[in-house]
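# Residue-level structural notes
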Amino acid sequence: MSVLKTALATPSRMRGIFRYLLQVPKQRENREKLTRLLSPEKLSEGRNKSAEHPMFDAALRESIKCDLLIEENEEIAINGHLPEASRHPQTGDQFLPNTLVELFFASDNEDEEDLGRLIAWYLAQDIYDAPGTWEEVEQRVAEQRVAESLDLKISSNTLFGQVADWMCYLGFAWGHALGGNKIIVPEPTAYLRRNLKELFQGEVQAKVSLAEFVDRLAKKCPVFESGKFREQVEEKIGFRLPNHLSTSTAFALLRLEDDGYIQLKKESDADLFIFPSADNEAGFSHIILRGVEL
């Protein structure tokens, strides 16, 4: 099972367990005590004893399975192999979305490949015509005939809600309410903004070619152009031309430029990447990290 198919393992529940452990001595707690604290008996009244704490148990199980947490001698602890900033009481919660992206999409984590392919598929859609509800996603998947080949079976509104929660929390989309429905827009500005310094290797005012930037991004997070999951998707659905960005990535970079985080440049003697938009196309060759606080 994956977090995608474990409906009770929501970002907020996994985050709640992690935030508690960040602050306790040695970042570990007895499992029984942890259960009592984070899943009070009042919440399990009327339930069968064998499944007293299904929400807590599901979130804890997925947290352990992805190596965010470990279990040793009846104790639950934050994985000591995580980077220091991911374990620090002052920064761990801030870094948690990035920590989970790296754990979910690590090369040896096969459990979360369905989530990776689904996010990659969503980001490969035209942002200006992307399916925003369960019914629209189901229809688009059927039109593109990828339900079986990419394992994109969004079979219920509940499952779509799980997809939406994870995409928004990890920074690959944002959602809003419209007519009683939650509408999702595949737009990875939040993820890119969080990772700009690392993608530029910490060098403010550094200039890199867009080809190099896209390559670094794909290696860090394989749902983006030329990444493992995106290539699996584009092999089935086509769409993107060589040296073209998807509309979701292009929109995010243009938005980051408008907000002052980056500068996009077009140098006449360099290869261009095409940024498609709703109205026209623009070409850029390089990207510069500005000195704005991230």
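Computed from a prediction, not measured in an experiment: that's the story for all the values here.

### Looking at unusual backbone geometry
The backbone phi angle of Gln27 is positive, close to 55°, even though this residue is not glycine. For Gln27, a relative accessible area of 15% gives the class buried. The residue Asn243 is not glycine, and still its phi comes out positive at about 60°. Mapping Asn243 onto the fold places it in the loop between helix 11 (228–237) and helix 12 (247–258).

### Brief notes about the pattern of salt bridges
A complete count under the given rule lists 24 salt bridges for this structure. For Arg140, the salt bridge goes to Asp129, with nearest N and O atoms at 3.6 Å. Of this pair, Arg140 sits in helix 7 (residues 134–144) while Asp129 sits in the loop between helix 6 (113–124) and helix 7, and the two are 11 residues apart along the sequence. Look at Arg140 and you get buried, because its relative accessible area is 16%. When the shortest N-O distance is used, the salt bridge between Glu225 and Arg230 registers 3.8 Å. Of the two residues, Glu225 and Arg230, neither departs from the other in class, the shared state being buried. Each of Glu62, Lys65, Asp111 and Glu112 takes part in a single network of salt bridges with overlapping partners.

### A few points about the sheet that holds strand 1 (residues 28–30)
What the 3 strands build is an open sheet, ordered 1-3-2; its pairing is antiparallel. Edge positions in the sheet fall to strand 1 and strand 2 (69–72), since each has one partner strand and no second. For this sheet the average axis-to-axis angle between neighbouring strands, irrespective of direction, equals 25°. Taken together, the 4 bridges between strand 2 and strand 3 (residues 75–78) define a ladder with antiparallel strand orientation.

### Notes on the packing of aromatic side chains
According to the stated counting rule, one finds 11 aromatic pairs in the structure shown. Centroid distance Tyr128 to Phe251: 6.4 Å. Interplanar angle 75°. Geometry classified as edge-to-face. Taken together, the positions of Tyr128 in the loop between helix 6 and helix 7 and Phe251 in helix 12 put the pair 123 residues apart, joining distant regions of the chain. Residue Tyr128 is classed as partly exposed on the basis of its relative accessible area of 40%. Classification of Phe251 as partly exposed rests on a relative accessible area of 31%.

Quick notes on the rules
Residues numbered from 1 in each chain as written. Predicted model: local features only at pLDDT ≥ 70, side-chain atom pairs only at ≥ 80, totals over all residues. Heavy atoms only, no water. Buried < 20%, exposed > 50% of the residue type's maximum accessible area, 1.4 Å probe, protein only. Helix = DSSP H or I, 4+ residues; strand = E, 2+ residues; numbered from the N terminus. Salt bridge = Lys/Arg side-chain N within 4 Å of Asp/Glu carboxyl O. Pairing = 2+ DSSP bridges. Axes fitted to C-alpha atoms, helices over the stretch in contact; angles between N-to-C directions. Phe/Tyr/Trp six-rings, centres within 6.5 Å; stacked < 30°, edge-to-face > 60°.

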